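Per-entry structural report
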Amino acid sequence: MKNIVLFGPPGAGKGTQSTNIIEKYALIHLSTGDLLRAEKAAGTELGLKAKEFMEKGDLVPDSVVIGMIENKVKANPDANGFVFDGFPRTIAQAEALDQTLQENGLSISKMIALEVDDDELIKRLLERGKVSNRPDDQNEEIIANRIKVYNAETAPVADFYKKQDKFTSVKGIGSIDDIFESLCKVIDQL
Ligand code: B4P
């Protein structure tokens, strides 16, 4: 059973690499960003609440995302494992995830962080903004806020997994295939 937290700043390649990982290892992809955007597109109450935070580049309240992930873990009791993409993003989320997994007889195998510098992140997100229709990808100030929020609220989550001896990082700059190969070397050892 492989339960992986794919970690990194906005635009680091988490979503991109998650797609490759779930295909190769037959894992379930749980992206809080994708789940929130689906709620928003469906016009649910949760989606409308999330929209105001996402469009400013702020984090959606913990209570909203934690509940969403708990439901998804419980709904997949026969999974080979999960790739958590964009979650946990705060210490409270990391604690809640450990608790939910424990209640289901599971635990995180590894957090893998993708390391990418800020200039490259901004370049990638503005590029994606040309086609994604995502308001949070189209404005440099909002992107800068996302990176600021990452450094203040999300980066400390790495320490949470370092303390459990579950943290590793790979270089996130280069071709998507080369980065995937580096990730597979880590995952194959789990
Ligand atoms: P996410 O959907 O998680 O947004 P993201 O961090 O931008 O996505 P990702 O990092 O996966 O994109 P990728 O690098 O793959 O979150 C959006 C918002 O939702 C947050 O700001 C927040 O408001 C809210 N939210 C989500 N989860 C939350 C949580 N747990 N708690 C609270 N709020 C939450 O792709 C970026 C671009 O780079 C793509 O165009 C890709 O093609 C490109 N790219 C990837 N790899 C590349 C490479 N090697 N070289 C060149 N380009 C590359």
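Relevant structure appears above.
Described in the following lines is the structure provided in the data block. Not measured: the values here are computed from a predicted model.

What counts and how
Residues numbered from 1 in each chain as written. Predicted model: local features only at pLDDT ≥ 70, side-chain atom pairs only at ≥ 80, totals over all residues. Heavy atoms only, no water. Helix = DSSP H or I, 4+ residues; strand = E, 2+ residues; numbered from the N terminus. Expected span 1.5 Å × (residues − 1). Contact = heavy atoms within 4.5 Å. Buried < 20%, exposed > 50% of the residue type's maximum accessible area, 1.4 Å probe, protein only. Polar contact = N/O pair within 3.5 Å; in protein donor to acceptor, adjacent residues only side chain to side chain. Core = buried A, V, L, I, M, F, W, Y, C linked by side-chain atoms within 4.5 Å. Near = heavy atom within 4 Å. Areas by Shrake-Rupley, 256 points an atom, 1.4 Å probe, with all protein chains shown as cover. Nonpolar A, V, L, I, M, F, W, Y, C, P; charged D, E, K, R; others polar. Phe/Tyr/Trp six-rings, centres within 6.5 Å; stacked < 30°, edge-to-face > 60°. Axes fitted to C-alpha atoms, helices over the stretch in contact; angles between N-to-C directions. Parallel < 35°, antiparallel > 145°, perpendicular 65-115°, else oblique. Left-handed = near helix turned anticlockwise from the far one by under 90°.

1. Quick look at helix α5 (residues 91–103)
- For α5, built from 13 residues, the straight-helix expectation of 18 Å at 1.5 Å per residue is met to within 8% by its first-to-last C-alpha distance of 18 Å.
- Tucked into the core, α5 has its buried residues touching β1 (4–7), α4 (62–74), β3 (82–85) and α8 (157–163).
- The first or second residue beyond α5 is Gly105, which carries a positive phi of 70°.

2. Here we look at the side chain of Asp136
- Counting through the fold element by element, Asp136 comes out in the loop between α6 (118–132) and α7 (140–154).
- Residue class for Asp136 comes out buried when judged on its relative accessible area of 9%.
- Within the structure, the side chain of Asp136 is placed 3.1 Å from the side chain of Arg134, a separation counted as a polar contact.
- The contact partners of Asp136, leaving out residues within four places of it in the chain, are Met54, Ile142, Ile143 and Arg146.

3. Topic: the nonpolar core
- Ranked by size, the top nonpolar core spans 31 residues in total, and within it Leu36, Val73, Phe84, Leu97 and Tyr161 carry the most contacts.
- For this core, the secondary structure elements donating two or more residues are β1, α2 (32–42), α3 (45–54), α4, β3, α5, β4 (110–115) and α8.
- Top element by residues in this core is α4. It accounts for six residues.
- Apart from residues no more than four positions distant in its own chain, Phe84 is found in contact with Ile4, Val5, Leu6, Leu30, Ile69, Val73, Leu97, Leu101 and Ile108.
- Counting residues in each nonpolar core, the second largest holds 21 residues, with Ile4, Leu125, Ile147 and Cys184 among its members.

4. Notes on the site of the ligand
- As a matter of local geometry, the ligand sits amid 29 residues, with Gly13, Gly15, Thr32, Asp58 and Arg146 nearest to it.
- Between an oxygen atom of the ligand and a main-chain N or O atom of Gly11, the distance comes to 3.1 Å.
- One of the backbone N or O atoms of Gly174 is found 3.1 Å from a nitrogen atom in the ligand.
- Protein chains bury 88% of the 990 Å² of accessible surface belonging to the ligand in isolation.
- Contributing elements (two or more residues each) for the shell around the ligand: α1 (14–25), α2, α6 and α9 (176–188).
- Top contributing element to the shell around the ligand by residue count: α2, with four residues.
- In terms of residue class, the shell around the ligand is built from 10 nonpolar, nine polar and 10 charged.

5. Topic: the packing of aromatic side chains
- Using the criterion set out here, one finds three aromatic pairs in the structure.
- Here the aromatic rings of Phe7 and Tyr150 are separated by 5.8 Å at their centres, their planes lie at 45°, and the arrangement is tilted. Here Phe7, found in strand β1, pairs with Tyr150, found in helix α7; they are 143 residues apart in sequence, far enough to count as distant. Assigned by exposure class, Phe7 and Tyr150 land together as buried.
- Ring geometry for Phe82 against Phe84: centres 5.7 Å apart, planes inclined by 35°, an arrangement best described as tilted.

6. Re the environment of Arg134
- Turning to its location among the elements, Arg134 is positioned in the loop between α6 and α7.
- Given the relative accessible area of 15%, Arg134 is considered buried.
- Put simply, Arg134 and Met54 are 80 residues apart on the chain and 9.6 Å apart in space, counted from C-alpha to C-alpha.

7. Quick word on the packing of α4 against α5
- Where α4 meets α5, the closest approach of the two axes is 10 Å, and the angle between their N-to-C directions is 25°. The angle between α4 and α5 places the two elements in the roughly parallel class. Crossing geometry of α4 relative to α5 is assigned as right-handed. Along its contact with α4, which presents Asp62, Val65, Ile66, Ile69, Glu70 and Val73, the element α5 presents Ala92, Gln93, Ala96, Leu97, Thr100 and Leu101.
- Along the lines of polarity and charge, the residues of the contact of α4 with α5 split into eight nonpolar, two polar and two charged.

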